[in-house]
Amino acid sequence: MATLKAISIRLKSVKNIQKITQSMKMVSAAKYSRAERDLKQARPYGEGAKQFFEKAEVAAPEQEPKKLYIAVTSDSGLCGAVHTGVARYIRGELANDPNISVVCVGDKSRAILSRLYGKNIEMVANEVGRTPPTFLDAAKLTNAIINLGFEYTDGKIIYNKFKSVVSYACADLPIFSLKAVESAPKLPVYDSLDADVIQNYLEFSLASLLFYTMKEGACSEQSSRMTAMDNASKNAGEMIDKLTLTFNSTSQAVITSELIEIISGASALESKD
């Protein structure tokens, strides 16, 4: 049986953990409200870039494809399986095609993928998730990817798509190279397009897609963290109830045994007299 001191220390520890999880839940709730508002403003960026590829019927070239996958996560944890889902999706694709190159946005995806597929990681962007993502962050990330020197034919941006407070899903958006866009069958629908204009637009569309997916990921992360901290607080409350009951029963058992010893000692003295 555990001693009263050990139970008391454990009880105090769990109560402190519950205070932390409750505080984190409140902080996540405030950040989630802001992230949801920002996401509504960012969605047109992603939808506009996606519509261009669909209406121009841009497709990946069949000959010698060089794929680039961008994993949109963050550096922060304690938010359920948000980052694991993105990494699991890319792991499945790498198992089928080991020649895929990966850019990790956030340290969590790097930590998961580097165990088995470290050689496929071309670049890692750190310090993601500490503050709400901005278009400047997406532009800097786009510039780093362009200056990487890796010439891809097509690829995907893998991210968490926000659905509701308790629901999100792993999704992807396509990205294409200049050659893939130039060979699109319905590109002549757009007037006055030369190589420079298309290249400039592709850079802007990549930044727009990254900005949109980072906003989606941030909103999904905060909602998932809020849910995870709420569940952790409830679990801590259950543990506190069980430990309090154990402490009381153990304390009662100790008092009862001490009373028995006192009564036994008094009876022994009376019998001697």
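Criteria and cut-off values
- Numbers given to residues run from 1 along each chain, matching the order in which its sequence is written.
- This being a predicted model, a pLDDT of at least 70 is required before a residue's local features are given, and a value of 80 or more before pairs of side-chain atoms are given or counted; all residues contribute to the totals for chains, interfaces and linings.
- By convention in this description, side-chain values take in all heavy atoms of the structure and omit both hydrogens and water.
- Paired strands are those between which DSSP finds at least two bridges.
- The way it works is that DSSP assigns letters per residue, a run of H or I at least four long becomes a helix, a run of E at least two long becomes a strand, and they are numbered from the N terminus.
- Between N-to-C directions, angles cover 0 to 180 degrees, with each direction set by a line fitted to C-alpha atoms, over the stretch in contact for helices.
- Only one rule defines a salt bridge in this text: a Lys or Arg side-chain nitrogen within 4 Å of an Asp or Glu carboxyl oxygen.
- Think of it this way: a Phe, Tyr or Trp ring, Trp meaning its six-membered ring, pairs with another when their centres are within 6.5 Å, and the plane angle makes it stacked under 30 degrees, edge-to-face over 60, tilted otherwise.
- The buried label applies to any residue whose accessible area, calculated with a 1.4 Å probe on protein chains only, is under 20% of its type's maximum; exposed applies above 50%, and partly exposed to all values in between.
- Orientation categories follow fixed angle ranges, with anything under 35 degrees roughly parallel, anything over 145 roughly antiparallel, 65 to 115 roughly perpendicular, and all other angles oblique.
- Take the far helix as the reference: if the near one is turned anticlockwise from it by less than a right angle, the crossing is left-handed, and if turned clockwise, right-handed.
- The contact criterion used throughout is that any non-hydrogen atoms of two residues lie within 4.5 Å.
- Each patch is built from salt-bridge-free residues with over 30% relative accessible area, joining like charges within 9 Å and nonpolar side chains (Val, Leu, Ile, Met, Phe, Trp, Tyr) within 5 Å.
- Here the Shrake-Rupley method, with its probe set to 1.4 Å, supplies the accessible areas, and only the displayed protein chains count as covering residues.
- How sure the predictor is of each residue is captured by pLDDT, a score from 0 to 100.

**Remarks on the sheet that holds strand E1 (residues 67–72)**
Then, in step 1: Pairing in this open sheet of five strands is mixed, and the strands run E3-E2-E1-E4-E5 from one edge to the other. With partners counted over all chains shown, the strands left at the sheet margins are strand E3 (121–125) and strand E5 (167–176), one partner each. Direction aside, the axes of adjacent strands within the sheet are offset by 20° on average.
Then, in step 2: In terms of strand pairing, strand E2 (residues 101–105) meets E3 through four bridges, oriented parallel. Bridge pairing links valine 103 to methionine 123 in E3.

**A short note on the pattern of salt bridges**
Then, in step 1: Under the defined criterion, the tally for this structure stands at 12 salt bridges.
Then, in step 2: Through salt bridges with shared partners, a single ionic network connects Lys25, Asp230 and Lys234.

**Some thoughts on the packing of aromatic side chains**
Each aromatic ring pair is characterised by the separation of its centres together with the angle its planes make.
Then, in step 1: Counted by the stated rule, this structure contains nine aromatic pairs.
Then, in step 2: Taking 4.8 Å as the distance between ring centres and 65° as the angle between the ring planes, the aromatic pair formed by phenylalanine 52 and tyrosine 201 counts as edge-to-face. Of this pair, phenylalanine 52 sits in helix H1 (residues 4–55) while tyrosine 201 sits in helix H6 (residues 195–272), placing them 149 residues apart in sequence.
Then, in step 3: Given a relative accessible area of 11%, phenylalanine 52 falls into the buried group.

**What about the packing of helix H2 (residues 82–96) against helix H3 (residues 107–117)?**
Then, in step 1: Two numbers describe how H2 lies on H3: the axes approach to 9 Å, and their chain directions differ by 30°. Judged on the interaxial angle alone, H3 and H2 are roughly parallel. Pair H2 / H3 crosses with right-handed handedness. Contact residues: His83, Thr84, Ala87, Ile90, Arg91, Leu94 and Ala95 in H2; Lys108, Ile112, Leu113 and Tyr117 in H3.

**Details of a nonpolar patch on the surface**
Then, in step 1: There is a patch of nonpolar side chains on the surface, built from Val189, Tyr190, Leu193 and Val197 and spanning about 320 Å² of accessible area.
Then, in step 2: Locating valine 189 in the fold gives a position in the loop between helix H5 (178–182) and H6.
Then, in step 3: Valine 189 gets classed as exposed once you look at its relative accessible area, which sits at 60%.

**Details of the environment of isoleucine 240**
Then, in step 1: Tracing the backbone shows isoleucine 240 in helix H6.
Then, in step 2: A C-alpha to C-alpha distance of 6.7 Å links isoleucine 240 and valine 14, two positions 226 residues apart in sequence.
Then, in step 3: When near neighbours in sequence (up to four residues on either side) are disregarded, isoleucine 240 contacts Leu11, Val14, Lys15 and Gln18.

**Describing the pairing of strand E4 (residues 154–164)**
Then, in step 1: Note that E1 and E4 share five bridges and pair parallel. Counterpart to alanine 71 in the pairing with E4 is isoleucine 158.
Then, in step 2: Note: E4 against E5, 10 bridges, orientation antiparallel. From the neighbouring strand, aspartate 154 faces E5, where its bridge partner is phenylalanine 176.
Then, in step 3: Adjacent in sequence and paired antiparallel, E4 and E5 are bridged by two residues.

**A few points about the environment of valine 181**
Then, in step 1: Relative to the assigned elements, valine 181 resides in helix H5.
Then, in step 2: With near-sequence residues (within four places) excluded, valine 181 lies in contact with Phe52, Phe53, Val58, Phe176, Leu187, Ile198 and Leu202.

**Quick word on the side chain of threonine 213**
Then, in step 1: When you line up the elements, threonine 213 lands in helix H6.
Then, in step 2: Take threonine 213: its relative accessible area is 0%, and that puts it in the buried class.
Then, in step 3: Look past the residues within four positions of threonine 213 in its chain and what remains in contact with it is Val72, Ile157, Tyr159 and Leu173.

**Observations regarding the confidence of the model for the chain**
Then, in step 1: When pLDDT is averaged across the chain, the result is 90; 99% of the residues are at 70 or more.
Then, in step 2: At the low end of the mean pLDDT range in the chain sits H5, at 87; at the high end sits E2, at 95.

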